[in-house]
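Notes for the structure review
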Amino acid sequence: MMEKPVEKKPKTRRKAEKPLDRDKAKRYTCIVCPACCDLETDGVEVNGARCPKGEVFARQERVAPLRVITTTVRCETPRGLRMVPVKTSCPVPLALIPEVMKQVKALRIPKIPAIGTLLTTGSSSEPVEWVVTGEVG
Amino acid sequence: MECCRIDMIKHDHYDVIIIGGGPAGMAVAVGASSAGLKRILVLERHPRLGGILNQCIHVGFGLRYFKEELTGTEYAARYKKLFQQAGVEVKTSSFVHKVSDRKQVTFVCPEGELFVSADHIVLATGCRERTREMLTIPGTRPAGIFTAGLAQEMVNIHGILPGKNVVVIGSGDIGLIMARRVVLEGAKVQAVLEILDHLSGLVRNKIQCLDDFGIPLYLQHETLEIIGKDRVEAIRYRDNTTGRENVMACDTLLFSVGLIPERDLLIDAGIDPGDGIHVAGNADYVHDLVDWVTKDGEKLGRSLGNGNA
Amino acid sequence: MKTDVLIIGGGIVGASLAYELAKYRVDIILLEKEAELSFGVSKANSGIVHTGFQSDPGALKTCLAVRGNELYKELAKTLDFPLLPVGELVVAFPGELKGLQRMKETGEKLGIPGLEIVNRNWIDANEPGLSREIQFALLGPTAGVINPYETVYALAEQAAANGVHIYCDHEVTDIQAVVGAWQVQTEKGSFTARYVVNAAGLYADKIALMAGTEVPRIVPWKGEEYLLDRHAEWLTRRVIFPLPRKETKGVLVIPTVDGNTMIGPTAEAVPDCEERSTSRSGKLAVLASVKNLIPAVKEDQIIASFAGVRPTTREGDFHIREDREGFINLVGIQSPGLTAAPAIAEQVCRMLAQSTDLTPKEGYIAGRTAIPRFRLLSNRERNALIKKNPEFGEIVCRCELVTKAEVKEALRRGARTLDGIKFRTRTQMGRCHGSFCTMKIMSIMAEELQRPYDSISKRGKGTEMIKT
C-alpha cells in the first residue's frame with residue numbers, strides 16, 4: 001500500500017518580498033496549479049508567487065478575473081441525445097459567464113464532433129471559441 | 001469450470017488481470033507492459049475505458065503528468081493513446097463480481113459468465129460515494145437526494161439537471177465541482193454545508209466553484225434532518241459553533257461526504273492485498289489528483305513486471 | 001366499469017384477496033391509490049410470518065394468524081416467492097421464565113406445533129450472538145420471513161394472470177349505494193360492483209365512512225426500522241423477540257430474506273398517516289434495545305433506515321365485517337396482519353359465498369415463476385440465461401448483481417417507478433443506495449416505457465426525480 005504523497009514544493013528560492021502600495025494591495029489564492037500559492041499584489045508588484053504564472057494570474061485577477069468555462073453541448077443523434085464536453089479555448093471574463101453560458105446552451109450540433117474540434121458561439125464581433133474535450137460514442 | 005471461448009478472451013491464464021479500465025487500471029497496464037509482461041488483461045464494466053474521468057468535464061487534470069491543464073475527458077483520451085500503444089488486451093462491458101484467493105476472477109459479459117486466472121490480480125476499481133443512508137441522517141426519504149457523482153453523471157452524460165434549488169452537503173471536491181456545474185446549468189446553490197472545521201476539497205476548487213459564484217461555505221454545520229414528503233423541501237441544520245439550529249429551504253440535496261475505496265471484491269472473498277493481489281489508484285486510497293493515480297499505477301505495473309511485487 | 005367484486009387497496013390483504021378470489025368465476029377489480037401495489041403500509045412491513053402465539057389468544061387476529069401461518073408454505077411454493085423458515089425465539093431475562101411458560105401454554109392451546117423452551121446450552125450452540133444474560137427462550141419453529149412487497153407482487157401477478165384487473169393511481173373519492181350494487185368513484189373513472197371489500201389499510205376508516213358504515217378509527221403508529229450491512233451477516237439465525245408488551249411486540253432482530261439483519265421497529269403514535277420520518281432518537285432507542293439482546297450490534301453497521309405506519313385501532317383486533325349489504329370492511333389489519341392475510345382472504349371468500357355462488361374458474365392458471373434472480377443462480381444457470389438473452393449479461397446494479405434483463409422484466413410485470421423496480425429486483429437496495437444504478441435504470445425506463453426523463457418518479461406523482 002502506497003503512502004499518500006505530500007505535494008512537493010518547487011525548489012525555487014523564496015523570493016524577497018517586494019514592498020506594495022498598501023492602499024491598492026489585494027490578496028488572492030492562485031488557482032493555476034495545485035500549489036495554491038498565497039498571493040498579494042497592488043497591481044504592479046506581486047508577492048508570494050512561486051512561478052511566473054502566479055504573478056500573471058494575480059495581476060489579471062485584480063483587474064478582471066478570467067476563467068475557463070467547461071460545459072456540455074447537446075447533440076441529437078439518430079441513436080439518441082449525446083452530451084459533448086467542451087471548454088473555452090481561452091479564459092473568459094468571470095462577469096460574462098452567464099451570457100456566454102446562455103449562448104453555448106443554445107448551440108445545437110448536428111453530429112458528434114471529434115475531440116479537438118473548434119466551435120464558436122457569440123457574435124462575430126465578440127466570438128467565443130470552444131474546443132471539444134472528449135470522445136463521445 | 002466454464003471453458004473460455006477463444007473469441008472472447010485470448011487466454012485462460014494471464015500474467016496480470018487488471019479489474020477496472022479507468023486511469024489506475026490503464027496505468028498499471030502501461031507499467032506492466034513496459035516491464036515486459038506479455039499476458040495482460042484489463043476487464044472494464046462499462047462499454048468504454050476511462051472510468052470516472054468520462055464524466056469529469058472540468059479542468060484540473062494533467063498539470064503534473066502531462067504538464068498541461070486538461071479536462072478529465074481530455075486526460076482520459078490522452079492517456080488512452082499511451083495505453084493503446086502498450087497493446088494490452090481489453091474486454092469491456094465485463095463486470096467482475098468475484099475474486100478468489102487462488103487468483104481466479106469471475107466476470108459477467110453479454111457472452112456469458114467466465115472464469116479466468118492470473119499470477120497477479122490488480123483491483124483498480126476506484127471508489128464509491130458515501131451516501132445519506134450511510135450517515136443515517138434522520139428525516140424522510142423524498143425524491144431529490146443524490147450523491148454528487150450521480151448528479152455529475154446525470155448532468156454531464158445525460159444532459160439532465162436534477163433540481164433548481166440546491167444545497168450541497170459536504171465540501172468534498174465532487175460537491176464543489178457540481179455546485180458550479182449546476183449553477184452554470186441554471187440552478188441556484190444555497191450553500192455548501194461542511195460538518196468539519198475545514199474544507200474537505202482543494203482550495204482552488206473552493207475559489208473557482210464557490211467564491212466565483214457567491215456560494216457560501218458553512219463550516220462546522222451539521223445536517224440534522226431532511227424534510228419533505230414527496231420531494232425535498234428543506235433541511236434542518238445546526239451551526240456547531242453556536243449550537244443554533246435553522247431550516248434551509250431547497251428542492252435538491254447533493255451529497256459529497258467522502259469517497260470509500262471500492263474493495264468489496266476482496267471483502268466478500270475474505271482476502272487481503274498481498275501475494276499476488278494488489279490494489280491500485282483510488283481503490284487503494286483516495287488520491288487528490290489523477291496524475292498521482294497514473295504515476296502510482298505505472299509504478300505498480302512496472303514492479304509486477306520486474307517481479308518485485 | 002362494472003364488476004362483481006371491487007377490492008379497495010392493493011397491499012398484502014387486498015392482493016391476497018384478489019389472489020384467492022381469482023380462483024372463482026367472478027369478475028374482480030382491484031383499485032390502489034398509490035402508483036404501485038404495496039406502496040401504502042405493506043412495503044414497510046417487517047416481513048415476519050409469525051407463529052401466532054404472541055397475540056391475545058381469544059382474538060380473531062390470533063386465530064387468523066395461526067391459519068395464515070399454515071397457508072404460507074404452500075403459497076410461497078406455488079407463487080415462487082422466498083419464505084425463509086427461520087423460526088422465532090422469544091427470549092427471557094432473569095425473572096421472565098414464567099411469562100415464557102404462559103406463552104408456551106397459550107401457543108399449545110392454539111395448536112401451534114413445535115413450541116419448546118430452550119435453555120442456555122441450546123442458546124450457546126444455536127444463537128451464540130445472544131446476550132449472556134438470557135437464560136431461557138421460547139422457540140417457535142414455524143415462523144418465517146418474507147419480503148412483503150415481493151409477496152404482494154407475486155399474489156397480484158397470479159391474480160392478474162387469472163383475470164383480475166388491477167388499477168394503480170386510482171384513489172377512491174366517493175362511494176354511493178345504488179340498487180343492488182355500490183358505485184365507487186375515482187378521479188380516473190367510476191366503477192360499479194355488487195360487492196366491495198375495503199382493504200384500504202391506513203385509510204380503511206375513511207373508505208368505510210364514504211360507504212356510510214361505522215368502523216373503529218385508524219390510529220396511525222409509526223415504526224422505524226434499521227438495516228445492517230450484509231457484511232455483518234445475520235447476527236442471529238432466527239427472529240428474536242423480547243417478551244412482548246401490550247402496545248408493541250418490542251424491538252426485534254430480524255434476519256431478512258436478502259441476508260441483511262434488520263432491527264426495529266419503534267412504536268410511536270403519529271398524528272398523520274403519511275408521517276414516515278426516521279429520527280435520531282428512534283435510532284438510538286432501537287440500538288439500545290437490540291444491544292440488550294445482541295451485544296455485538298454496532299451503529300456503524302447500519303446502512304439504511306426507513307419507517308412504516310401501522311393502521312392500528314383502539315379495539316386492538318381485526319374488524320372484518322359486512323357492515324352494510326355487499327360492503328365488507330377490513331379495518332385495523334396491523335400485526336399480525338401480514339401473517340393473517342391468506343386467512344383473511346379465505347374468511348372474506350366464505351363471507352361472499354354466503355350470498356353468491358363461488359364456482360371454481362375453468363382454465364385457472366395455477367403457479368407463477370418469479371423474475372430470475374441472477375445473483376442467486378449457478379454459473380450454468382447464468383450462462384443458460386445469457387445465451388437466450390444477452391441482457392442477462394449486462395450488470396446494471398453492482399451491489400446486488402442485478403442485470404438489465406431483470407429490470408426490463410420488472411417493467412413488463414408492471415413496475416412504473418424506481419421504487420417499483422427496486423422492490424421487484426433489489427436494485428438501489430445495496431450498499432451504494434442507487435448512486436451507481438439509478439441513472440442506468442432511468443435510461444432503461446425511458447426507453448422501454450417511451451417516456452421522458454422528467455416523468456420518471458421515485459414512487460409516483462410528486463416524486464419525480466427531476467424537478468423542473
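Once that is clear, we can look at the overall build of chain A. On a plain count of helices and strands, chain A comes out with 2 helices and 9 strands. Along the chain direction, N to C, the helices and strands of chain A fall in the order β-β-β-α-β-β-β-β-α-β-β. Considering only contacts within chain A whose residues lie at least 6 apart along the sequence, 46% involve residues at least 24 apart. As displayed, chain A has an accessible area near 8500 Å², and 56% of this comes from carbon and sulfur atoms.

Omega for the bond connecting Gly264(C) with Pro265(C) falls within 30 degrees of zero, at -5 degrees, which places this linkage in the cis form. Looking at where Pro265(C) falls in the secondary structure, it is placed in the loop between β16 (261–264) and β17 (268–269). For the peptide bond that leads from Ser335(C) to Pro336(C), omega is 5 degrees, which places it in the cis range. One non-glycine residue, Cys36(A), lies in positive phi territory at about 50 degrees. You can see Cys36(A) is positioned in the loop between β1 (26–29) and β2 (38–41). Classification of Cys36(A) by relative accessible area gives buried; the value is 16%. Positioned with a positive phi, Lys67(B) is a non-glycine residue whose angle comes to about 55 degrees. Along the chain, Lys67(B) turns up in the loop between β3 (59–61) and β4 (70–71). Accessibility expressed as a relative area gives 66% for Lys67(B), which makes it exposed.

Residues and elements named next belong to chain B. Split into domains, chain B comes out as domain 1 (13–126 + 262–305) and domain 2 (129–259). Look at where the C-alpha atoms of domain 1 and domain 2 centre, and you get two points 30 Å apart. At the interface, 11 residues of domain 1 touch 11 residues of domain 2. In total, domain 1 and domain 2 occlude about 880 Å² of area from one another, counting both sides; carbon and sulfur atoms represent 55% of this. It is Gln55, Ile57 and His58 in domain 1 that bury the most area against domain 2; as a group they hold 55% of the surface buried on that side. If you look at where domain 1 meets domain 2, you find 1 salt bridge. The salt bridge partner of arginine 204 is glutamate 69, with a shortest N-O separation of 3.3 Å.

Residues and elements named next belong to chain B. Sheet architecture is open: 5 strands sit in the order β10-β17-β11-β12-β13, paired in parallel fashion. Across the chains shown, the open sheet's two edge strands, defined by having one partner strand only, are β10 (145–147) and β13 (217–218). In terms of strand pairing, strand β12 (residues 188–193) meets β13 through 2 bridges, oriented parallel. Counted as the bridge partner of valine 192 is leucine 217 from β13. Across the sheet, helix α4 (residues 148–158) lies against β10 and β17 (252–255), angled at about 90 degrees from β10, the strand it touches most.

The next thing to look at is the pattern of salt bridges. According to the stated counting rule, one finds 51 salt bridges over all chains in the structure shown. Among the salt bridges present, the one from Arg382(C) reaches Glu113(B), with a minimum N-O distance of 2.4 Å. Here Arg382(C) is found in helix α9 (residues 379–388), whereas its partner Glu113(B) is found in strand β8 (residues 112–123) on a different chain. In terms of burial, Arg382(C) and Glu113(B) fall into one category: buried. Salt-bridge contacts for Arg67(C) lead to Glu346(C); the nearest nitrogen and oxygen are separated by 2.8 Å. One end of the pair, Arg67(C), is in helix α2 (residues 60–79); the other, Glu346(C), is in helix α8 (residues 337–353), with 279 residues separating them in the sequence. Of the residues examined, Arg67(C) reaches a relative accessible area of 32% and is grouped as partly exposed. Classification of Glu346(C) by relative accessible area gives buried; the value is 18%. Through salt bridges with shared partners, a single ionic network connects Arg128(B), Glu262(B), Asp264(B), Asp229(C), Arg398(C) and Arg431(C).

Reading the values: the criteria
- Residues numbered from 1 in each chain as written.
- Chains lettered and ligands numbered in written order.
- Predicted model: local features only at pLDDT ≥ 70, side-chain atom pairs only at ≥ 80, totals over all residues.
- Heavy atoms only, no water.
- Helix = DSSP H or I, 4+ residues; strand = E, 2+ residues; numbered from the N terminus.
- Contact = heavy atoms within 4.5 Å.
- Areas by Shrake-Rupley, 256 points an atom, 1.4 Å probe, with all protein chains shown as cover.
- Buried < 20%, exposed > 50% of the residue type's maximum accessible area, 1.4 Å probe, protein only.
- Domains from an automatic or database assignment.
- Buried area = accessible area lost by both parts, 1.4 Å probe.
- Salt bridge = Lys/Arg side-chain N within 4 Å of Asp/Glu carboxyl O.
- Pairing = 2+ DSSP bridges.
- Axes fitted to C-alpha atoms, helices over the stretch in contact; angles between N-to-C directions.

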